[in-house]
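# A closer look at the structure
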Amino acid sequence: MKQRIITGIIAAAVFLPIVSLGKLPFLVLIYLLGTIGLYELIRMKKLPLNSFASVISFVMLWLILIPESANGILAGSGYDKTQIIIGGVLVLLISTVLSKNRFMFDDAGFLVISVIYIGMGFYYLFETRDTNGLTYVFFALFTIWATDSGAYFIGKSMGKRKLWPEISPNKTIGGFIGGIISALVIAVLFSMFSTIDRTLIELLFMSILIAIFGQLGDLVQSAYKRHYGVKDSGKLLPGHGGILDRLDSLIFILPILHFLQIL
């Protein structure tokens, strides 16, 4: 726990000022985090990083991460994220033939899902900051942190029934509920002390969605790791693991909030 706290403080000291700056510094950070996240998944699958398929996956990711604000620059280029994904899928499928099945169909499927999962998550992290403003990013971050803390401490003290032992044996139903309650507290605090332009009812609804889907996002990452037999997605953050171990909830909930047109 001591190591987790120290790492968390250092990471926050680096991450939060860059989020506050926004624009190009934040976009550079988004590209760095997204690239590391995809690297962690490819490494988890034990695919060669220097292979043609892996390189194509990184190119797909970088194209998906191009922000909405760049549309004017790219006008007339025919750039479209859907076309990038479809084009990448076709190239990866061709790779299964050219590699004579050393690179297989399930490898291609894994890379496509990984690129969309990482790409959409980090793309909407930048878009939330760029379009909706800093307050909404902080609201999402603080709600997730409160959910994680509430789930951990309430689960430790009161959690008896396991939530999903086949995927994450330490999570409990009590912790899941405790995480939601902690998220509601953040909604009330933001309503009272921030300049966010939402009513308390709207913030409570958003916090419930973030708490539920954020914990599901954490379980998704746990399922990945359990399937591939690894404890952590990486080792970049001592006490926490990798980038995906720390940001799995955030990159899972932001696309959902945008798809539901809540952000």
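## Quick word on the nonpolar core
Counting residues in hydrophobic clusters, the biggest one holds 62 residues, and the most contacted among them are Leu92, Phe122 and Phe139. Examining the composition of this core, we find that 13 residues originate from one element, helix H5 (residues 105–132), more than from any other. The residues contacting Phe139, other than those within four sequence positions of it, are Ile186, Ala187, Phe190, Ile196, Leu203, Met206, Ser207 and Ile210.

## Considerations on the packing of helix H4 (residues 81–98) against H5
Put simply, H4 and H5 touch, their axes get as near as 9 Å, and they point 155° apart. In terms of orientation, H4 lies roughly antiparallel with respect to H5. Classified by chirality, the crossing of H5 by H4 is right-handed. Contact residues: H4 offers Lys81, Ile85, Val89, Leu92, Leu93 and Thr96, while H5 offers Phe105, Ala108, Leu111, Val112, Ile116, Met120 and Tyr123. A per-class count over the contact of H4 with H5 returns 11 nonpolar, one polar and one charged.

## Some remarks on a nonpolar patch on the surface
The grouping of Val185, Val188, Leu189, Met192, Phe193 and Leu200 at the surface amounts to a nonpolar patch, some 560 Å² of accessible area in total. Given a relative accessible area of 32%, Val188 falls into the partly exposed group.

## Things to note about the pattern of salt bridges
Counted under the stated rule, the structure contains seven salt bridges. With a closest N to O distance of 3.1 Å, Arg246 and Asp148 form a salt bridge. Taken together, the positions of Arg246 in helix H9 (residues 243–259) and Asp148 in helix H6 (residues 134–158) put the pair 98 residues apart, joining distant regions of the chain. What makes Arg246 partly exposed here is its relative accessible area of 25%. Residue Asp148 is classed as partly exposed on the basis of its relative accessible area, which comes to 28%.

Calculation notes
- Residues numbered from 1 in each chain as written.
- Predicted model: local features only at pLDDT ≥ 70, side-chain atom pairs only at ≥ 80, totals over all residues.
- Heavy atoms only, no water.
- Core = buried A, V, L, I, M, F, W, Y, C linked by side-chain atoms within 4.5 Å.
- Buried < 20%, exposed > 50% of the residue type's maximum accessible area, 1.4 Å probe, protein only.
- Helix = DSSP H or I, 4+ residues; strand = E, 2+ residues; numbered from the N terminus.
- Contact = heavy atoms within 4.5 Å.
- Axes fitted to C-alpha atoms, helices over the stretch in contact; angles between N-to-C directions.
- Parallel < 35°, antiparallel > 145°, perpendicular 65-115°, else oblique.
- Left-handed = near helix turned anticlockwise from the far one by under 90°.
- Nonpolar A, V, L, I, M, F, W, Y, C, P; charged D, E, K, R; others polar.
- Patch = residues over 30% accessible without salt bridge, like charges linked within 9 Å, V, L, I, M, F, W, Y side chains within 5 Å.
- Areas by Shrake-Rupley, 256 points an atom, 1.4 Å probe, with all protein chains shown as cover.
- Salt bridge = Lys/Arg side-chain N within 4 Å of Asp/Glu carboxyl O.

Shape descriptors only; they carry no functional weight alone.
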